[in-house]
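Coordinate inspection notes
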Amino acid sequence: MHEPSSMQPDCRSRPILRMDMATSPKVWPRLSGWRLGPGLLAVERVAAAAEAARALKRPFVFTARAENYLYGKPDLDDTLKRLTAFSGAGADVLYAPGLADIAGIRTVCQSVDKPVNVVMGLAGGSFTVRELEAAGVRRITLGSSLVRAALGAFLRAAREIVDNGTFTFAGEAATSGEIEAFFASLPSERRAVAPYTP
């Protein structure tokens with residue numbers, strides 16, 4: 001998550017809950033089995049989650065998503081209605097994944113009264129931090145993009161070995177010293193794993 005100094009809220013040391021508005025009869029169906037939940041039901045879910053978050057004894061950031069653009073309903077007006085209702089129900093941060101242009105992102109930011117999150121690193125539109133901040137975005141997340149970038153490098157290296165019998169990928173690999181220095185530079189409370197040892 002990239003958070004310029006002017007972006008709020010500060011989520012770096014706070015647990016984050018993301019509430020989706022997509023629903024399904026089963027917990028983990030195939031993606032094609034998901035559908036948009038009814039607006040009223042989604043608001044009730046957000047209100048219940050917000051109440052639970054407020055009952056915690058530590059700071060907690062609660063993000064509510066309007067997933068129209070992910071599930072076949074690219075309707076900005078309906079998206080704004082849902083986000084506004086989610087805000088009223090207690091969400092701290094609002095999120096409408098799938099917006100493909102900066103104009104739509106700007107419209108969302110100008111139309112709601114809570115900080116807006118966007119995800120970067122996916123296929124499609126790509127905007128700079130400055131562009132997003134100028135549009136009103138207050139929180140940027142990366143989803144699985146860094147993991148997929150790493151796996152992409154792994155797959156390209158493996159294919160080079162299998163297909164060509166060469167190892168030129170090593171020229172772009174991080175050195176042991178770079179990895180060690182990166183982990184050593186993290187504050188102790190943010191070290192989720194032990195420093196890398198070659």
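Residues numbered from 1 in each chain as written. Predicted model: local features only at pLDDT ≥ 70, side-chain atom pairs only at ≥ 80, totals over all residues. Heavy atoms only, no water.

Here the focus is the overall build of the chain. On a plain count of helices and strands, the chain comes out with six helices and seven strands. Expressed as a percentage of the 198 residues in the chain, the buried residues total 33%. Long-range pairs, those at least 24 residues apart, make up 56% of the contacts in the chain with a sequence separation of at least 6. When the accessible area of the chain is evaluated, it comes to approximately 12300 Å², of which 58% is carbon and sulfur surface. (Helix = DSSP H or I, 4+ residues; strand = E, 2+ residues; numbered from the N terminus. Buried < 20%, exposed > 50% of the residue type's maximum accessible area, 1.4 Å probe, protein only. Contact = heavy atoms within 4.5 Å. Areas by Shrake-Rupley, 256 points an atom, 1.4 Å probe, with all protein chains shown as cover.)

It is at 10 Å that the axes of helix H2 (residues 76–88) and helix H3 (residues 102–111) come closest, and there the two elements cross at 35°. The two elements H2 and H3 meet at a crossing, and its hand is right-handed. Where H2 approaches H3, its residues Leu 76, Leu 80, Leu 83 and Thr 84 are matched on the opposing element by Thr 107, Val 108 and Ser 111. A per-class count over the contact of H2 with H3 returns four nonpolar, three polar and no charged. (Axes fitted to C-alpha atoms, helices over the stretch in contact; angles between N-to-C directions. Left-handed = near helix turned anticlockwise from the far one by under 90°. Nonpolar A, V, L, I, M, F, W, Y, C, P; charged D, E, K, R; others polar.)

Assignment of secondary structure puts Val 137 in the loop between helix H4 (129–135) and strand E7 (139–141). Since its relative accessible area comes to 0%, Val 137 is described here as buried. Sequence spacing of Val 137 and Arg 106 is 31 residues, and the spatial spacing of their C-alpha atoms is 7.8 Å.

Attention now goes to the pattern of salt bridges. Scanning the entire structure with this criterion turns up four salt bridges. Note that Arg 82 and Asp 78 form a salt bridge whose closest N and O atoms lie 2.8 Å from each other. Separated by four residues within a single helix, Arg 82 and Asp 78 lie in helix H2, roughly one turn from each other. Across the pair, exposure class does not vary: Arg 82 and Asp 78 are buried alike. The network of salt bridges with common partners includes Lys 73, Asp 78 and Arg 82. (Salt bridge = Lys/Arg side-chain N within 4 Å of Asp/Glu carboxyl O.)

In low-pLDDT segments, the atomic positions of the prediction should not be examined closely. The share of residues in the chain with pLDDT of 70 or more is 75%, and the mean pLDDT across the chain is 81. Strand E2 (residues 22–23) is the least confidently modelled element of the chain, averaging 46 in pLDDT, while helix H5 (residues 145–164) averages 97, the highest of any element. In the predicted structure, residues 1–16 sits below a pLDDT of 50 and forms 41 contacts with residues beyond four places in sequence or in another chain. Throughout residues 21–35 the model reports pLDDT below 50, and contacts reaching past four residues in sequence, or to other chains, amount to 30 contacts. (pLDDT = per-residue confidence, 0-100.)

Next up on the list: a nonpolar patch on the surface. A cluster of nonpolar side chains, namely Val 147, Leu 151, Phe 154 and Leu 155, defines an oily patch on the protein surface of about 390 Å² accessible area. Position of Leu 151 among the secondary structure elements: in helix H5. According to the relative accessible area criterion, Leu 151 is partly exposed, its value standing at 46%. (Patch = residues over 30% accessible without salt bridge, like charges linked within 9 Å, V, L, I, M, F, W, Y side chains within 5 Å.)

Attention now moves to the pairing of strand E4 (residues 61–65). Across the five residues of E4, five count as buried, placing the element largely inside the fold. Both faces of E4 are covered, namely the face carrying Val 61, Thr 63 and Arg 65 and the face carrying Phe 62 and Ala 64. Here E4 pairs with strand E5 (residues 93–95) via three bridges, running parallel. Paired with Thr 63 across the two strands is Val 93, which belongs to E5. (Pairing = 2+ DSSP bridges.)

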